[in-house]
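The primary structure of each chain is shown beneath.
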Amino acid sequence: MIELKNVNKIYNDGFQALTKVNVEFQEGKINVLIGPSGCGKTTTMKLLNRLVDYTDGEVYFNGKKIKEMNPIELRRQMGFVIQNIGLFPHMTIFNNVATVPKLLKWDKDRIKKRVIELLEMVNLDPNTYMNRYPSELSGGQQQRIGVIRALAAEPSTILMDEPFSALDPISREQLQDELLRLQTEINKTIIFVTHDMDEALKIADNIVLMKDGKVVQQGSPDSLLSNPANDFVKEFIGEKRLNSNNQLNDLSLANYINKDILLVQSDIRIEKATSSLIERKVSSAVVINEDETYNGIVSLYDAIENNSSEINSIIKKASLIIYENDKVSTVLEKIEGIHDIVPVLSKEDIVVGLLSVDKLFATLHHLTEYKRGEI
Amino acid sequence: MEFIMELGQYMIANYQELLNLAWEHILMVAYGIGLALLIGVPLGVIAAKVNWLAPIILSLVNILQLIPSLAMLALLMLYFGFGFKTVVIGLLFYSLLPIVRNTYVGIKEVDESIIEAGVGNGMTPLQLLYKIQFPLSIPFLMAGIRLAAVIAISVATIGPYIGAGGLGKEIISGISLQSDVKIYAGAIPATIIAILADFILGKVEQKSKKRMAA
Ligand SMILES: Nc1ncnc2c1ncn2[C@@H]1O[C@H](COP(=O)(O)OP(=O)(O)OP(=O)(O)O)[C@@H](O)[C@H]1O
Ligand SMILES: [Mg+2]
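Just so it is clear, the structure is predicted and the values come from calculations on it, not from any experiment. The written sequence of each chain sets the order in which its residues are numbered from 1. Chain labels run from A onward and ligand labels from 1 onward, assigned in the order the entries are written. A pLDDT threshold of at least 70 governs which residues receive local features in this predicted model, and a stricter bar of 80 or more applies before side-chain atom pairs are shown or counted, although totals over entire chains, interfaces and linings include all residues. The basis for every side-chain value is the complete set of heavy atoms in the structure, and neither hydrogens nor water enter the calculation.

Before we go on, may I ask you to explain the overall build of chain B in this structure?
Secondary structure counts use DSSP, requiring at least four H or I residues in a row for a helix and at least two E residues in a row for a strand, with both numbered from the N terminus. Summing up its helical and strand segments, chain B has nine helices and zero strands in all. Viewed in the frame of its principal axes, chain B has a C-alpha envelope of about 70 × 40 × 20 Å. Per-residue accessibility, obtained with a 1.4 Å probe over protein chains only, is compared with the maximum for each type, and a residue is labelled buried under 20%, exposed over 50%, and partly exposed between these values. Looking at the 214 residues of chain B, the share that counts as buried comes to 46%. Contact criterion: two residues are considered in contact whenever any of their non-hydrogen atoms come within 4.5 Å of each other. Long-range contacts, defined here as pairs at least 24 residues apart, represent 77% of the contacts in chain B between residues at least 6 apart. Charge assignment: positive for Lys and Arg, negative for Asp and Glu; neither His nor the chain ends contribute. To locate a charge, the coordinates of NZ of Lys, CZ of Arg, CG of Asp or CD of Glu are taken. Here chain B holds 13 positive side-chain charges and 12 negative ones, and the gap between their average locations is 11 Å.

And the structure:
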């Protein structure tokens with residue numbers, strides 16, 4: 001973990017770039033530093049690998065004061081993607097990526113294995129690209145190399161200063177997706193500077209919003225969206241984003257519960273269930289216990305397959321159950337890939353109804369259409 | 001026409017001698033530039049790395065360049081005596097400016113973001129110098145060598161005044177004998193050497209530049 005405590009930075013010319021900065025960068029998470037140009041994002045980032053020294057306060061890296069650490073070693077433990085890529089033009093892609101492993105004197109085979117692995121990780125064919133020079137790569141490919149160069153020696157922490165800012169929107173989205181995918185594999189502590197709020201909301205686990213050398217607010221994207229600390233935060237996030245988030249939060253799950261459903265008791269015979277299902281023209285029913293609490297679900301298909309025995313033998317658990325006071329946003333996170341019916345329960349596990357997935361998606365569709373049209 | 005015939009005959013008759021002179025000429029220049037590299041590159045690096053030394057080093061080599069060549073060789077002769085060695089030292093002094101200055105500029109020109117990437121990835125100042133700054137300054141250095149070579153080839157022609165050989169010998173004896181054939185027989189090969197050096201070193205420079213355009 002990296003912690004800044006009451007850090008001030010005054011540059012040689014007397015300019016105070018940071019004022020009493022207190023920040024915690026979370027371990028294994030993507031921490032995004034964001035704020036208007038000149039607010040001190042790059043300065044904050046460069047404090048961490050001591051490219052810039054702070055005037056007072058303290059910075060802790062895994063509990064140690066970084067002022068007491070050897071800067072060269074510190075830097076080799078922290079991958080660094082600088083604002084304008086900064087690939088070494090006179091070195092092949094291989095040697096660029098191998099920079100830190102070479103400084104750390106890894107043996108040749110290990111370096112080669114690692115470089116190949118990294119290139120494959122970002123979908124660049126090692127045989128094609130390894131021996132090229134940076135000038136022989138597209139901008140997006142260069143950015144990828146910049147990123148994997150920072151990953152090469154498996155640092156626990158990676159500093160990325162606007163790594164995707166020079167890209168067209170499509171490649172940027174692509175690299176963001178790639179970073180998110182990568183992060184699920186590597187789980188590094190990432191400090192990511194950007195001035196693009198959409199980028200921050202998309203990738204961040206933790207956002208640190210700065211203005212004029214001060215931290216204005218920090219927290220999860222959701223907490224910034226739902227509780228902006230002041231007008232500046234609101235303005236920086238933008239009305240549109242706040243609104244669409246609020247609209248989502250304003251949606252009440254109650255509107256998406258279908259209460260007109262078929263309930264069957266858990267002790268009936270299958271043929272009875274089959275006839276009710278056919279009568280009601282539905283393909284599944286929710287099974288309840290005697291006290292009306294949730295038991296499971298049955299499908300018409302299973303019922304027809306074996307219509308002799310007790311219903312017990314064909315009861316299944318639903319892949320997802322939700323509660324009536326869940327937030328729409330939490331439901332949305334869970335619902336992906338679910339094809340069954342989704343029972344909605346009360347606090348007491350009494351079946352209230354079924355989630356009306358179609359209706360929910362229709363509303364969402366409407367919301368996002370509106371958002372796109374507006375922005 | 002008659003003159004060209006005469007010149008041709010002279011050059012063919014004396015080609016062994018001319019070839020020896022040309023070789024000696026090239027050697028003087030090569031030694032001079034070689035030594036200038038040995039001294040000039042470190043000086044250029046120091047100037048680039050130690051800010052307050054830069055103006056001192058650069059003005060010193062600049063002054064060396066400004067001394068008229070005949071005067072320089074005459075002065076050097078006082079200390080080093082007649083001969084090949086003295087001319088080489090003179091050529092070394094003349095080559096110093098382009099080499100020191102281009103090394104200096106080459107290192108200074110390295111893009112700030114590339115330096116930052118090097119430092120940020122944990123290079124020591126020395127590693128930064130030999131892995132990044134020096135290799136990236138090579139195209140500039142090549143341009144300096146090329147310029148130095150052309151200057152040295154022409155300065156070397158006055159070598160015979162202080163007892164050295166080279167193609168200047170043919171030219172100078174041509175002057176004292178008032179023989180235009182001899183003058184041309186020395187001047188033409190010297191010019192060809194200069195043109196070839198310029199062309200070949202230019203190619204090398206281009207090649208070293210090609211990859212650097214990131
Ligand atoms: N070496 C320096 N000397 C003096 N002032 C500096 C120096 N470096 C940066 N500053 C100032 O400190 C402030 C913060 O700079 P910083 O580079 O951290 O901004 P930033 O948030 O990264 O901005 P951007 O989004 O434009 O990259 C700016 O006002 C800048 O002018
Ligand atoms: Mg910046």
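Help me understand the interface of chain B and chain A in this model?
Many structure descriptions define interface size as the accessible area lost when the parts assemble. With 20 residues of chain B at the interface, the matching set in chain A holds 23 residues. Summed over both sides, the interface between chain B and chain A buries roughly 2000 Å², with carbon and sulfur atoms accounting for 65% of that surface. Basic side-chain nitrogens of Lys or Arg form a salt bridge, by our definition, when they fall within 4 Å of a carboxyl oxygen of Asp or Glu. Linking chain B to chain A there are one salt bridge. The partner of A:Lys46 in a salt bridge is B:Glu116, and the shortest N-O contact between them spans 2.7 Å. Think of a polar contact as two N or O atoms within 3.5 Å of one another; within protein, one of them needs to be a possible hydrogen donor and the other a possible acceptor, and neighboring residues in sequence only count if both atoms come from side chains. The interface formed by chain B and chain A includes four residue pairs in polar contact (both at pLDDT 80 or more). Among the secondary structure elements, those contributing two or more residues to the side of chain B that touches chain A are helix H6 (112–120) and helix H7 (125–155) of chain B. Counting residues per element, the side of chain B that touches chain A draws most heavily on H6(B), at seven residues. Defined in terms of a 1.4 Å probe, buried area is the accessible area two parts forfeit on being brought together, summed over both.

Please clarify how the pairing of strand E1 (residues 2–10) of chain A should be interpreted in this entry.
The two faces of a sheet get side chains in turn, since along a regular strand they alternate between them. Residues and elements named next belong to chain A. With five bridges joining them, E1 and strand E4 (residues 56–61) adopt antiparallel strand pairing. Across the sheet, the residue bridging to Asn8 is Asp56, located in E4. In this analysis, strands are considered paired if DSSP registers two or more bridges between them. Of the strand pairs in this sheet, E1 and strand E2 (residues 16–25) are connected by six bridges, and their pairing is antiparallel. Considered in E2, the bridge of Leu4 is made with Val23. Between E1 and E2, which pair antiparallel and follow one another directly, the connecting turn spans five residues, one of which, Gly14, has a positive phi of 90°.

In this structure, what is going on with the site of ligand 1? I would like to understand it.
Residue and element names in this part refer to chain A. Definition of nearness: a residue and a molecule or strand are near each other if at least one heavy atom of the residue lies within 4 Å of the molecule or strand. In the region of ligand 1, 13 residues are neighbours, and Ser37, Gly38, Lys41, Thr42 and Thr43 sit closest. Measuring from a nitrogen atom of ligand 1, one finds a side-chain N or O atom of Tyr11 at 3.4 Å. Residue Gly40 places a main-chain N or O atom 2.9 Å away from an oxygen atom belonging to ligand 1. Method for areas: the Shrake-Rupley scheme with a 1.4 Å probe, in which residue coverage is limited to the protein chains shown. Relative to its unbound accessible area of 640 Å², ligand 1 is 65% covered by the protein chains. Looking at the shell around ligand 1 element by element, the count peaks at three residues for helix H1 (residues 41–48). The residue inventory of the shell around ligand 1, partitioned by class, reads four nonpolar, six polar and three charged. Amino acids outside the nonpolar list (Ala, Val, Leu, Ile, Met, Phe, Trp, Tyr, Cys, Pro) and the charged list (Asp, Glu, Lys, Arg) are all regarded as polar, and Gly is one of them.

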